[in-house]
Amino acid sequence: MRHPALKRLRVVGDTVTIHVSGKVLVMSSGTTGVLPRYNEYTLTEGRALTEGIHSFTDDTDINTGLHNLIYPWIACFDPAGSEVDVFIFTKRPKNFQCIVDASGTITQLVLYPGNGIIYGRNFLYANLTQDSNADLIPDFLDSSLPGSITKVLQIYDFQKVFYVSSDDYFYVSSDGYTLEAIR
(Lines give C-alpha, C1' and ligand atoms only; values in the text may rest on other atoms or scores of the structure.)
Protein backbone atom coordinates (compact mmCIF):
# COMPACT_ATOMS: atom_id res chain seq x y z
CA MET A 1 0.00 0.00 0.00
CA ARG A 2 1.27 3.45 -0.92
CA HIS A 3 2.07 6.14 1.57
CA PRO A 4 -0.86 8.63 1.54
CA ALA A 5 1.51 11.63 1.49
CA LEU A 6 2.39 10.87 -2.13
CA LYS A 7 -0.84 12.43 -3.29
CA ARG A 8 0.34 15.86 -2.13
CA LEU A 9 4.08 15.67 -1.59
CA ARG A 10 6.31 18.72 -1.74
CA VAL A 11 9.95 18.31 -0.71
CA VAL A 12 12.69 20.88 -0.27
CA GLY A 13 16.08 19.91 1.14
CA ASP A 14 19.13 17.71 0.80
CA THR A 15 17.59 14.26 0.60
CA VAL A 16 14.33 12.44 1.10
CA THR A 17 13.54 8.73 1.18
CA ILE A 18 10.13 7.86 -0.21
CA HIS A 19 8.58 4.43 0.28
CA VAL A 20 7.01 3.09 -2.91
CA SER A 21 5.95 -0.27 -4.26
CA GLY A 22 6.59 -0.83 -7.94
CA LYS A 23 8.33 -3.09 -10.40
CA VAL A 24 9.27 -0.54 -13.06
CA LEU A 25 11.12 2.77 -12.91
CA VAL A 26 10.60 5.17 -15.83
CA MET A 27 12.53 8.32 -16.75
CA SER A 28 11.84 10.62 -19.68
CA SER A 29 14.84 10.37 -22.03
CA GLY A 30 13.06 10.99 -25.31
CA THR A 31 14.86 8.17 -27.12
CA THR A 32 15.16 4.39 -26.95
CA GLY A 33 18.98 4.31 -26.82
CA VAL A 34 19.44 6.50 -23.75
CA LEU A 35 18.73 5.19 -20.22
CA PRO A 36 17.79 1.93 -21.98
CA ARG A 37 16.54 0.07 -18.89
CA TYR A 38 14.51 3.02 -17.66
CA ASN A 39 13.22 5.18 -20.52
CA GLU A 40 9.58 5.53 -21.51
CA TYR A 41 10.08 3.54 -24.75
CA THR A 42 11.63 0.26 -23.64
CA LEU A 43 9.13 -1.30 -21.30
CA THR A 44 8.96 -4.77 -22.78
CA GLU A 45 12.37 -6.41 -22.33
CA GLY A 46 14.99 -6.23 -19.61
CA ARG A 47 13.03 -3.98 -17.27
CA ALA A 48 13.15 -6.18 -14.17
CA LEU A 49 15.49 -4.70 -11.61
CA THR A 50 17.73 -6.90 -9.51
CA GLU A 51 17.95 -6.73 -5.74
CA GLY A 52 20.12 -3.93 -4.43
CA ILE A 53 20.68 -0.21 -4.80
CA HIS A 54 20.54 1.29 -8.29
CA SER A 55 22.23 4.70 -8.47
CA PHE A 56 21.79 7.49 -11.00
CA THR A 57 24.42 10.18 -11.44
CA ASP A 58 24.94 13.84 -12.34
CA ASP A 59 26.43 13.20 -15.79
CA THR A 60 25.64 12.05 -19.34
CA ASP A 61 26.34 8.33 -18.85
CA ILE A 62 24.05 6.56 -21.35
CA ASN A 63 22.81 4.08 -18.74
CA THR A 64 22.53 6.13 -15.53
CA GLY A 65 23.19 9.80 -16.35
CA LEU A 66 20.53 12.26 -15.22
CA HIS A 67 21.66 14.85 -17.77
CA ASN A 68 19.79 12.65 -20.26
CA LEU A 69 16.40 13.55 -18.78
CA ILE A 70 14.43 15.70 -21.22
CA TYR A 71 11.55 16.30 -18.81
CA PRO A 72 12.00 16.65 -15.05
CA TRP A 73 10.10 13.62 -13.81
CA ILE A 74 10.51 9.98 -12.85
CA ALA A 75 7.77 7.40 -12.34
CA CYS A 76 7.44 4.13 -10.47
CA PHE A 77 4.67 1.56 -11.01
CA ASP A 78 3.69 -2.10 -10.99
CA PRO A 79 2.32 -3.21 -14.40
CA ALA A 80 -0.14 -5.52 -12.62
CA GLY A 81 -1.69 -2.56 -10.79
CA SER A 82 -3.33 0.71 -11.77
CA GLU A 83 -1.34 3.35 -9.85
CA VAL A 84 1.68 5.29 -11.06
CA ASP A 85 3.70 7.40 -8.63
CA VAL A 86 5.28 10.37 -10.40
CA PHE A 87 7.90 12.72 -8.97
CA ILE A 88 8.40 16.07 -10.68
CA PHE A 89 11.60 18.07 -10.11
CA THR A 90 11.95 21.86 -10.45
CA LYS A 91 15.69 21.44 -11.06
CA ARG A 92 17.53 18.49 -12.53
CA PRO A 93 18.30 16.12 -9.64
CA LYS A 94 21.99 15.70 -8.87
CA ASN A 95 21.49 11.99 -8.24
CA PHE A 96 19.03 9.51 -6.85
CA GLN A 97 18.85 5.89 -5.86
CA CYS A 98 16.20 3.23 -6.07
CA ILE A 99 16.26 0.35 -3.63
CA VAL A 100 14.97 -3.01 -4.83
CA ASP A 101 14.12 -5.98 -2.62
CA ALA A 102 14.69 -9.69 -3.35
CA SER A 103 11.37 -10.02 -5.21
CA GLY A 104 12.31 -7.25 -7.67
CA THR A 105 10.01 -4.67 -6.08
CA ILE A 106 11.22 -1.10 -5.82
CA THR A 107 10.64 -0.28 -2.15
CA GLN A 108 12.35 3.10 -1.78
CA LEU A 109 13.45 6.05 -3.82
CA VAL A 110 16.18 8.20 -2.29
CA LEU A 111 15.84 11.58 -3.98
CA TYR A 112 18.25 14.52 -3.86
CA PRO A 113 16.45 17.71 -4.87
CA GLY A 114 19.49 19.97 -4.37
CA ASN A 115 18.28 23.55 -4.72
CA GLY A 116 15.05 22.42 -6.33
CA ILE A 117 11.70 21.15 -5.15
CA ILE A 118 10.18 17.70 -5.72
CA TYR A 119 6.44 17.33 -6.21
CA GLY A 120 4.87 13.89 -5.97
CA ARG A 121 1.62 12.92 -7.64
CA ASN A 122 -0.27 9.70 -8.13
CA PHE A 123 -1.98 8.86 -11.43
CA LEU A 124 -4.57 6.11 -11.87
CA TYR A 125 -5.02 4.20 -15.13
CA ALA A 126 -7.35 1.29 -15.78
CA ASN A 127 -4.71 -0.74 -17.63
CA LEU A 128 -0.96 -0.11 -17.38
CA THR A 129 -0.12 -2.71 -20.03
CA GLN A 130 -2.53 -1.64 -22.80
CA ASP A 131 -0.79 -0.74 -26.06
CA SER A 132 -3.60 0.20 -28.47
CA ASN A 133 -1.31 1.19 -31.37
CA ALA A 134 1.13 -1.76 -31.00
CA ASP A 135 4.22 0.47 -30.79
CA LEU A 136 5.54 -1.33 -27.67
CA ILE A 137 4.88 1.76 -25.52
CA PRO A 138 2.02 1.34 -23.02
CA ASP A 139 -0.75 3.87 -23.68
CA PHE A 140 -0.31 5.58 -20.33
CA LEU A 141 3.27 6.54 -21.38
CA ASP A 142 2.69 7.12 -25.11
CA SER A 143 3.34 10.82 -25.82
CA SER A 144 1.17 10.63 -28.95
CA LEU A 145 -1.94 9.86 -26.89
CA PRO A 146 -3.96 12.45 -24.94
CA GLY A 147 -4.07 11.78 -21.22
CA SER A 148 -0.81 9.84 -21.11
CA ILE A 149 1.61 10.77 -18.34
CA THR A 150 4.24 11.66 -20.92
CA LYS A 151 1.85 14.00 -22.74
CA VAL A 152 0.54 15.61 -19.55
CA LEU A 153 4.02 16.16 -18.11
CA GLN A 154 5.49 17.66 -21.29
CA ILE A 155 4.36 21.04 -19.98
CA TYR A 156 6.97 20.79 -17.24
CA ASP A 157 10.44 21.94 -18.18
CA PHE A 158 13.52 22.51 -16.03
CA GLN A 159 13.74 26.08 -17.33
CA LYS A 160 10.12 27.19 -17.60
CA VAL A 161 8.58 26.59 -14.18
CA PHE A 162 8.20 29.60 -11.87
CA TYR A 163 7.16 29.21 -8.23
CA VAL A 164 5.30 32.09 -6.66
CA SER A 165 4.16 30.67 -3.33
CA SER A 166 4.25 27.47 -1.33
CA ASP A 167 1.19 26.04 -3.10
CA ASP A 168 0.90 27.76 -6.47
CA TYR A 169 3.23 27.85 -9.41
CA PHE A 170 3.16 28.96 -13.01
CA TYR A 171 4.62 27.79 -16.28
CA VAL A 172 5.25 29.58 -19.53
CA SER A 173 2.78 28.28 -22.11
CA SER A 174 3.83 27.06 -25.53
CA ASP A 175 3.51 30.57 -27.01
CA GLY A 176 6.43 31.58 -24.76
CA TYR A 177 4.66 34.63 -23.36
CA THR A 178 1.61 33.60 -21.32
CA LEU A 179 1.96 32.51 -17.71
CA GLU A 180 -0.61 29.87 -16.80
CA ALA A 181 -1.41 28.76 -13.26
CA ILE A 182 -1.12 25.10 -12.29
CA ARG A 183 -2.36 23.79 -8.94
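Residues numbered from 1 in each chain as written. Predicted model: local features only at pLDDT ≥ 70, side-chain atom pairs only at ≥ 80, totals over all residues. Heavy atoms only, no water.

S.K.: Help me understand the sheet that holds strand 8 (residues 106–111) in this model?
M.R.: In a beta sheet, neighbouring strands pair by backbone hydrogen bonds and run either parallel or antiparallel. With antiparallel pairing, the 4 strands of this open sheet are ordered in space as 2-8-7-4. Every interior strand has two partners, whereas the edge strands, strand 2 (16–22) and strand 4 (52–56), have only one. Taken over all neighbouring pairs, the strand axes of this sheet differ in orientation by 20° on average, direction set aside. Sheet topology note: the strand 7 (residues 96–100)/strand 8 ladder contains 5 bridges and is antiparallel. Counted as the bridge partner of C98 is L109 from strand 8. (Pairing = 2+ DSSP bridges. Helix = DSSP H or I, 4+ residues; strand = E, 2+ residues; numbered from the N terminus. Axes fitted to C-alpha atoms, helices over the stretch in contact; angles between N-to-C directions.)

S.K.: What's the story with the environment of N39 in this structure? I'm lost.
M.R.: Summarising the element assignment, N39 is placed in the loop between strand 3 (24–27) and strand 4. Taking the relative accessible area as the measure of exposure, N39 reaches 0% and is therefore buried. A distance of 3.0 Å separates a polar atom in the side chain of N39 from the backbone oxygen of T32. (Buried < 20%, exposed > 50% of the residue type's maximum accessible area, 1.4 Å probe, protein only. Polar contact = N/O pair within 3.5 Å; in protein donor to acceptor, adjacent residues only side chain to side chain.)

S.K.: Just checking my understanding: could you explain the nonpolar core for this structure?
M.R.: As a rule of thumb, soluble globular proteins bury nonpolar side chains together. M27, I106, L109 and L111 are the most contacted members of the largest nonpolar core, which has 23 residues in total. Of all the elements in the fold, those that place two or more residues in this core are strand 2, strand 3, strand 5 (73–77), strand 6 (83–89), strand 7 and strand 8. Beyond its immediate chain neighbours, meaning those up to four positions away, L109 contacts V16, T17, I18, V20, L25, I74, F87, Q97 and C98. Ranked by size, the runner-up nonpolar core spans 19 residues in total, among them L128, F140, I149 and L153. (Core = buried A, V, L, I, M, F, W, Y, C linked by side-chain atoms within 4.5 Å. Contact = heavy atoms within 4.5 Å.)

Nothing here speaks to function; it is all geometry.
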